[in-house]
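Residue strings, one per chain:
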Amino acid sequence: MELKATSLLLLTCVAIIILTEVDANAIPTCCLTLSRSIPRQTLRQVKRYDIQSRSGRCEIDALILHIRDKKICAHPKLRKVLEKLKRNRKPNKRS
């Protein structure tokens with residue numbers, strides 16, 4: 001009887017490990033707080049942004065800004081400012 005219980009426990013542990021490895025997003029990384037005031041100079045350095053939705057695995061709506069090797073959680077309303085900065089950005093002219 002003890003061997004059956006040990007075997008069942010081992011099988012359950014192996015199944016959990018395999019299922020966790022298959023789904024890389026098994027443990028989501030969600031923004032928990034938001035930065036409301038971010039300097040324009042910092043916003044100009046944003047390479048890309050992702051949208052975190054409350055309807056998914058996370059509890060709050062957020063804009064995840066990717067700046068160099070950092071991620072900053074911002075209020076979703078900053079998306080309009082980012083789009084405006086992107087439209088007004090002058091292309092680099094090299095001679």
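Overview of the structure. Predicted, not measured: the structure shown is a model, and the values here were computed from it. (Residues numbered from 1 in each chain as written. Predicted model: local features only at pLDDT ≥ 70, side-chain atom pairs only at ≥ 80, totals over all residues. Heavy atoms only, no water.)

1. Considering the overall build of the protein chain
The helix and strand tally for the protein chain stands at three helices and three strands. Out of the 95 residues in the protein chain, the part that is buried amounts to 19%. Sequence separation of at least 24 residues holds for 48% of the intrachain contacts in the protein chain that already meet a minimum separation of 6. Of the roughly 8,500 Å² of accessible surface on the protein chain, 56% is carried by carbon and sulfur atoms. (Helix = DSSP H or I, 4+ residues; strand = E, 2+ residues; numbered from the N terminus. Buried < 20%, exposed > 50% of the residue type's maximum accessible area, 1.4 Å probe, protein only. Contact = heavy atoms within 4.5 Å. Areas by Shrake-Rupley, 256 points an atom, 1.4 Å probe, with all protein chains shown as cover.)

2. Details of the state of the cysteines
Within this structure, the stated rule accounts for two disulfides. The disulfide that involves Cys-30 links it to Cys-58, with 2.0 Å between the sulfurs. Residues Cys-30 and Cys-58 are joined through a disulfide that is left-handed, its torsion about the S-S bond being -70 degrees. Of this pair, Cys-30 sits in the loop between helix 1 (2–22) and helix 2 (40–44) while Cys-58 sits in the loop between strand 1 (48–52) and strand 2 (62–67), and the two are 28 residues apart along the sequence. Two residues, Cys-31 and Cys-73, share a disulfide whose sulfurs are 2.0 Å apart. Judged by the torsion about the S-S bond (-80 degrees), the Cys-31/Cys-73 disulfide is left-handed. Note that Cys-31 is positioned in the loop between helix 1 and helix 2 and Cys-73 in strand 3 (residues 70–74), a separation of 42 residues in sequence. On the basis of relative accessible area, Cys-31 is assigned to the buried category, the value being 6%. (Disulfide = S-S within 2.5 Å.)

3. Some thoughts on the pairing of strand 2
Burial within strand 2 is extensive, with six of its six residues counted as buried. Here strand 2 shows two buried faces, one formed by Ala-62, Ile-64 and His-66 and the other by Leu-63, Leu-65 and Ile-67. Pairing between strand 1 and strand 2: five bridges, direction antiparallel. Its bridge partner being in strand 2, Ile-51 is matched across the sheet by Leu-63. Bridge analysis of strand 2 against strand 3 gives five bridges, and the strand direction is antiparallel. Counted as the bridge partner of Ile-67 is Lys-70 from strand 3. With antiparallel pairing between neighbouring strands as the criterion, strand 2 and strand 3 make up a hairpin whose turn holds two residues, including Arg-68 at a positive phi of roughly 55 degrees. (Pairing = 2+ DSSP bridges.)

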